[in-house]
Structure formats: structure tokens, C-alpha cells
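Remarks on the overall topology
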Amino acid sequence: MTNPDLDHWPPGDGKYRRSEARSVIGTGDAVWERTSAEVLRWGVKTASGFAVSSDAPVGPGDRVEVTARLFGVRIIEPVEVVAVVDEPDRVGFSYRTLPGRPVSGEEAFVLSRHGDEVRLTVRSLTRAAPQQPWRALFPLLLIVQRIVRRRYLRALC
């Protein structure tokens, strides 16, 4: 759904809140080498303050737990990697949420090279999780999601 292999993300079906944000990480081969390796090892998440239950490279079908701390509470978020792209000028992956997560949807982290410029794109599809208390807290979680998205965009700089 978040299509990490595509430079242009086609419109969705309207069932999820849709977000795409992009930032320039830097320029040059050294930046590309460092950041492309980090992206494929959950580096955007870990550099943004999350813990991930695996330090292995991402692979389709991998199931991991992402742990967040929010207002002193530890929140464990189970996810499954659904797509990985590893090309000379584009690397990244997407994961979908599994039951028990505060929101339902998919998120992608895509690093791409455009000439000498290295860019990070973060895509997300979000809707309220079916279970309480997360369903009731969804408006607050959308605010937290915006804050976290800004952290993602700065994580590899």
C-alpha cells in the first residue's frame, strides 16, 4: 500500500489517513553509503527513539516488535515487513501493523538518490486501531504521529 519501490505514490482508496513527507539528508556517496545501510537496519526508527527487537537487515515477512515510550508508558508495537527495495539509487521498506498496535496501517521509509542529493521519504497510512484504549486515544495519537514523523526526517542527518 505504501509502495516503497515507487518514486511517485499513487492515490489510495480513502480508507486510511495518508501522509508523505520528504527531506534532504545530505549529498554525496559517503552519505548514501552510511544512510542506505542504516535504513535497511531500522535506523530511522532507532535514531528516532524507538527500540526494535531485531538488528538484522529487514526482510519481507519479518515480524518484529517496535517499542515506544510515551508519557512514561512503554508501548510495544508488533509489525510485519511487507516490502523491501534495495536498488542502486533507492533503498527502503514498508511494514504493516499487527493486532495490538495503537494504530492500524502501514509505514514506509525510503531513501533515494537524485543526482548527488540523498532524500528520505516517509509514507504512512493510518486509521484507528479497533481495540480500546487506542481507539479512544486516536486523536492524540495523530498529534504524536506528526511529532514522530519530524524525528524520522531528521534521524539520519
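Refer to the structure printed above.
Residues numbered from 1 in each chain as written. Predicted model: local features only at pLDDT ≥ 70, side-chain atom pairs only at ≥ 80, totals over all residues. Heavy atoms only, no water.

**Comments concerning the pairing of strand 3 (residues 63-70)**
Sheet analysis places strand 2 (residues 51-52) next to strand 3, joined by 2 bridges and oriented antiparallel. Across the sheet, residue alanine 51 finds its bridge partner in strand 3, namely threonine 67. Counting the residues that bridge the hairpin from strand 3 to strand 4 (residues 73-87) gives 2 residues, and of these phenylalanine 71 lies at a positive phi of roughly 55°. (Pairing = 2+ DSSP bridges. Helix = DSSP H or I, 4+ residues; strand = E, 2+ residues; numbered from the N terminus.)

**Re the layout of surface pockets**
Rolled over the atoms, a probe sized like a water molecule indicates the empty space that remains. The calculated volume of the largest pocket comes to roughly 540 Å³. What lines the largest pocket is a set of 32 residues, and nearest its centre among them are Phe50, Glu77, Val144, Gln145 and Val148. A class-by-class count of the residues in the lining of the largest pocket yields 16 nonpolar, 8 polar and 8 charged. (1 Å grid on protein atoms, 1.4 Å probe; cavity = no way out; pocket = protein on both sides within 12 Å on 5 of 7 lines; lining within 4 Å. Points joined across faces, edges and corners; volume = space filled by probe spheres on them. Nonpolar A, V, L, I, M, F, W, Y, C, P; charged D, E, K, R; others polar.)

**Observations regarding the pattern of salt bridges**
Summed over the entire model, instances satisfying the criterion amount to 10 salt bridges. Measuring nitrogen to oxygen at the nearest pair gives 3.5 Å for the salt bridge that ties glutamate 80 to arginine 63. Of this pair, glutamate 80 sits in strand 4 while arginine 63 sits in strand 3; the two residues are 17 residues apart in sequence, bridging distant segments of the chain. Residue class for glutamate 80 comes out buried when judged on its relative accessible area of 14%. Relative accessible area serves as the criterion here: at 56%, arginine 63 is assigned to the exposed category. Across the pair aspartate 89 and arginine 113 runs a salt bridge, and its minimum N-O distance is 3.0 Å. Here aspartate 89 is found in the loop between strand 4 and strand 5 (90-97), whereas its partner arginine 113 is found in strand 6 (residues 103-114), with 24 residues between them in sequence. One network of salt bridges, with partners in common, ties together Glu20, Arg22 and Arg123. (Salt bridge = Lys/Arg side-chain N within 4 Å of Asp/Glu carboxyl O. Buried < 20%, exposed > 50% of the residue type's maximum accessible area, 1.4 Å probe, protein only.)

**Description of the packing of aromatic side chains**
The tally for this structure, following the rule as stated, stands at 7 aromatic pairs. When the ring of tryptophan 42 is compared with that of phenylalanine 93, the centres are 4.8 Å apart and the planes differ by 65°; the resulting orientation is edge-to-face. With tryptophan 42 in the loop between helix 1 (29-39) and helix 2 (43-46) and phenylalanine 93 in strand 5, this residue pair connects regions lying 51 residues apart in the sequence. In this structure tryptophan 42 comes out as buried when scored by relative accessible area, which is 1%. Members of the aromatic cluster, joined through ring pairs, are Trp42, Phe50, Phe93, Tyr95, Phe109 and Tyr152. The cationic tip of arginine 18 hangs over the ring face of tryptophan 9; the distance from NZ or CZ to the ring centre is 3.6 Å. Of note, lysine 45 hangs over the ring of phenylalanine 50, and the distance from its end group to the ring centre comes to 4.0 Å. (Phe/Tyr/Trp six-rings, centres within 6.5 Å; stacked < 30°, edge-to-face > 60°. Lys NZ or Arg CZ within 6 Å of the ring centre and 35° of its normal.)

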